[in-house]
Structure formats: C-alpha cells, structure tokens
Amino acid sequence: MIITLDEAKKWLRVDHNDEDSLISTLISAAEKYLVNATGNTFDSTNELAKLLCYVLVADWYENRDMIGKTSEKVRHTVESIVAQLTHCYDSTTM
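Values in this document were obtained by computation on a predicted structure and should not be read as measured data.

Thresholds applied
Residues numbered from 1 in each chain as written. Predicted model: local features only at pLDDT ≥ 70, side-chain atom pairs only at ≥ 80, totals over all residues. Heavy atoms only, no water. Helix = DSSP H or I, 4+ residues; strand = E, 2+ residues; numbered from the N terminus. Rg over C-alpha atoms; globule rule 2.2 N^0.38 Å. Buried < 20%, exposed > 50% of the residue type's maximum accessible area, 1.4 Å probe, protein only. pLDDT = per-residue confidence, 0-100. Core = buried A, V, L, I, M, F, W, Y, C linked by side-chain atoms within 4.5 Å. Contact = heavy atoms within 4.5 Å. Expected span 1.5 Å × (residues − 1). Arc of directions from axis to C-beta. Salt bridge = Lys/Arg side-chain N within 4 Å of Asp/Glu carboxyl O.

(A) Structural view of the overall build of the protein. The number of helices and strands found in the protein is 4 helices and 0 strands. Taken from N to C terminus, the helices and strands of the protein fall in the order α-α-α-α. Taking 2.2 N^0.38 as the reference for a compact globule, 94 residues should give roughly 12 Å; the C-alpha atoms of the protein span a radius of gyration of 13 Å, in line with that estimate. C-alpha extents for the protein along the principal axes are approximately 40 × 25 × 15 Å. Among the 94 residues that make up the protein, the fraction classed as buried is 39%.

As structure tokens, then:
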C-alpha cells in the first residue's frame, strides 16, 4: 500500500466517514494506475509514488464525472511524475 485511507482523507480534507468506501476504491485505482503506467511496483517509502497517488485520488474525488480520466489541470503533473517513476527507478530502488 502506498497511501492509507487516513492519509488520503487528510490530503482531501475529509473529516467524516461517509465516503470511506469511495476513497478506498480511488486509492486502489490510483495504485493500479501507477503500476500500469510505469511497469514498476512502489511502496509508501517512495515520495513521488505517494504524491502521484494523492494527486490522482484528489482529482478523481473532485471530478467524479470524469471517471477514468485525469482533469486538464493535473494532466501535466501526472505525466511528469509517471515519466520520472518510469525512467528514474529500477526494481532495487523503489
């Protein structure tokens, strides 16, 4: 696990439990997105991987009508971090 539910809720500034299931699903999807986009597996010790998951979860949470897509406002950030995570790490440094 790269980010926890509590970490994601803190990032989103959500202080209720009403949407825990949704946020947990978004976390799982973000982590799968990261693996699919980079071909690498990361854990919670990689700050860039954590940041990417936070960005994706927040974007998807705030833009629920755009399921499966990143919004234009974060697309460059996502592409940049994915490129770094794809090309700057090998299986021994993640």
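Next comes the rest of the write-up.
(B) Looking closely at the confidence of the model for the protein. When the pLDDT values of the protein are averaged, the result is 91; 93% of them are 70 or greater. The least confident element of the protein is helix 4 (residues 72-87), whose mean pLDDT is 92; the most confident is helix 1 (residues 5-12), at 98.

(C) Up close: the nonpolar core. Residues Ile3, Leu34, Leu52 and Val57 are the most contacted members of the largest nonpolar core, which totals 26 residues. Sorting the residues of this core by element identifies helix 1, helix 2 (20-38), helix 3 (47-62) and helix 4 as the ones contributing at least two each. Among the elements that line this core, the one with the most residues is helix 3, at 10 residues. In this structure, valine 57 is in contact with Ile3, Ala8, Leu12, Leu26, Ile27 and Ala30, ignoring residues within four places of it in sequence.

(D) Quick look at helix 4. The end-to-end C-alpha distance of helix 4 is 23 Å, a good match for the 22 Å that 16 residues give at a rise of 1.5 Å each. Among all positions of helix 4, only Val74, Val78, Ile81, Val82 and Leu85 are buried. In a view along the axis of helix 4, the buried residues occupy a sector of 105°, so they form one face of it. Looking at helix 4, the residues exposed on the side facing more than 90 degrees away from the buried face are Glu72, His76 and His87.

(E) Examining the pattern of salt bridges more closely. This structure, assessed with the given rule, holds 5 salt bridges. The closest approach of N and O atoms between glutamate 7 and lysine 50, which form a salt bridge, is 3.0 Å. Here lysine 50 lies in helix 3 and glutamate 7 lies in helix 1, a separation of 43 residues in the sequence. With a closest N to O distance of 3.7 Å, lysine 73 and glutamate 62 form a salt bridge. In this pair, lysine 73 sits in helix 4 while glutamate 62 sits in helix 3, placing the two residues 11 residues apart along the sequence. Comparing lysine 73 with glutamate 62 shows no difference in burial state: the two are exposed.

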